[in-house]
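Each chain, written out:
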Amino acid sequence: MTTVLSDREEWDRIKTRLRAELGEDVFSSWFARVELDSLDDDTVHLSVPTRFLKNWLQSRYRDRLLALFGESYGSVRQIEFSVRSAMRPGTAQIRETTEAAPAPARTIPFPGTNGARPPIAANAAVGARHAGDHEDVLAGSPLDARYGFGNFLEGRSNSLAFAAARRVADTRPGEPVGFNPLYIHAAVGLGKTHLLQAIAHAAKAQGHRVLYLTAEHFMYRFVAALMAQSAIAFKEALRGIDLLLIDDMQFLQGRQVQQEFCHTLNSLIDGARQVVVAADRPPADLETLDERVRSRLAGGLLVEIAAPDVELRRSIVAHRVAAAKKANPSLEISSSVVEWVAANVVSSGRDLDGAVNRLIAHNQLTGQEIGLEMAEAALRDLLRTREPRKVKIEDIQRIVSKHFNVSKADLLSARRTRTVVRPRQIAMYLAKALTPRSLPEIGRRFGNRDHTTVLHAVRKIEEMATADRSFADEIDLLKRMLDG
Ligand code: ADP
Ligand code: MG
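Residues numbered from 1 in each chain as written. Chains lettered and ligands numbered in written order. Predicted model: local features only at pLDDT ≥ 70, side-chain atom pairs only at ≥ 80, totals over all residues. Heavy atoms only, no water.

This next bit is on the site of ligand 1. Near ligand 1 you find 19 residues, and of these L153, G189, T193, H194 and D353 are the closest. In this structure, L153 approaches ligand 1 through a main-chain N or O atom, which is 2.8 Å from a nitrogen atom. At 2.9 Å, a side-chain N or O of R350 approaches an oxygen atom of ligand 1. Protein coverage of the free-state accessible area of ligand 1, which is 560 Å², stands at 95%. Elements with a minimum of two residues in the shell around ligand 1: α6 (192-205), α11 (310-327) and α13 (349-366). Residues of the shell around ligand 1, tallied by class, amount to seven nonpolar, seven polar and five charged. (Near = heavy atom within 4 Å. Polar contact = N/O pair within 3.5 Å; in protein donor to acceptor, adjacent residues only side chain to side chain. Areas by Shrake-Rupley, 256 points an atom, 1.4 Å probe, with all protein chains shown as cover. Helix = DSSP H or I, 4+ residues; strand = E, 2+ residues; numbered from the N terminus. Nonpolar A, V, L, I, M, F, W, Y, C, P; charged D, E, K, R; others polar.)

Given below as structure tokens:
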């Protein structure tokens, strides 16, 4: 149909759109490891590393993918997912046609680890077992062995969260902890998942019955149990645990799932079982969450992990370097490079990890020694990610209305004249691009519009920016005015 190269480019473009629609976290959980295998007349062949991911994409994103591919290739009628063999990553081995497959999730996927470090939400599902099996029902999202308390570095920004986490892990089941649920919130990369998994490891080691689940996994498991008509077993199993850890709470969606989660939460807490929740924002800002769940979550101990200060950054970098040296004794990274990275890569633990990995990769690929000059060149793009300013939707509305000389009332009104429509779309686009708000939340803040209206605006502005250089510059300018 087209050359391989342009198919790839088309696929990259589709991924960029998905990333903009879904946000970085959701996108990377579900799409980071999807590969385009081939494209024939009417079928797109995508491959993924796990069955779990395959089922999930099939049930939740097939239509969206179909629509996006359809825009690029009018002839595309179906999307076929296959599971890549774990043995030879990157090659499609077991091809499973999804066309004939019944509704996904007749079985509950049973996640396990496959050595590699999967994105937390999208794990290797080694086989699928039937939902009635008690053990299966209690299987959680996989834990990364490296995320222990021993590897978690304490600093001023996280000492409260760290202490609370240790306390929870050390408490015997049934013994009152004093704060239940424990709710940890922080921006991405600041160690939430690490801490939650450290609690899980430590509590497990003491023989506690522990369940660690990402919110998306919780949803998926619950829906799967409903479909397999084993929801009662699932609920009972949930209530039989000592410690429930839910990661990335901001992704819990759907009324029925939230209701179920609420029941679970209530019965665990009332039964003196510990619950720990992590999210990227405090409960009050989880706007799509059921009011009862929100207030129950807010009723325990809330702790925020702030951005790491330079001491903590230094010790994270130094630890990563020491670990790399252990694996590769000939590696040389001087303390001045460590110092430089700690001073200049200021955003998160994840970026610090990435920085060290990149220095090592550059060194191994080019043979260039790891000095300041190389570090500066290799890490240029990480340096720009200073602690992002928190942009508020009000700021966006204010700046956009000033810039285009329309009143804020017009911006939020139902008026459809061109002079108002475009600035409104731009403002909605900026809200999506610069704040962590979801599409429905943004819609609400723009005169109670539907989330599809917001989505349309985001796409429209993206398209225009791609097509028109000067328009793109104007958007850039607005971004800089807001982002500082
Ligand atoms: P989050 O879940 O908040 O997005 P993660 O727990 O995934 O963040 O952390 C991102 C990376 O940074 C992980 O590799 C984690 O081990 C590391 N990291 C973050 N904070 C710390 C810390 N205080 N000590 C050691 N490593 C950290
Ligand atoms: Mg996380």
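Its place among the elements puts S413 in the loop between α17 (408-412) and α18 (418-434). The exposure class assigned to S413 is buried, which follows from its relative accessible area of 18%. Once you skip the residues sitting within four places of it in the chain, S413 turns out to touch R424 and R449. (Buried < 20%, exposed > 50% of the residue type's maximum accessible area, 1.4 Å probe, protein only. Contact = heavy atoms within 4.5 Å.)

On to the sheet that holds strand β6 (residues 182-185). If you walk across this open sheet you meet the five strands as β7-β8-β9-β6-β10, and the pairing is parallel. Single-partner strands in this sheet number two, and they are β7 (210-214) and β10 (301-304). With direction set aside, neighbouring strand axes in the sheet form an average angle of 15°. Note: β7 against strand β8 (residues 243-247), five bridges, orientation parallel. Along β8, the bridge assignment pairs T214 with D247. The strands that α6 touches are β6, β7, β8 and β9 (274-279); relative to β8, the one it contacts most, it runs at about 160°. (Pairing = 2+ DSSP bridges. Axes fitted to C-alpha atoms, helices over the stretch in contact; angles between N-to-C directions.)

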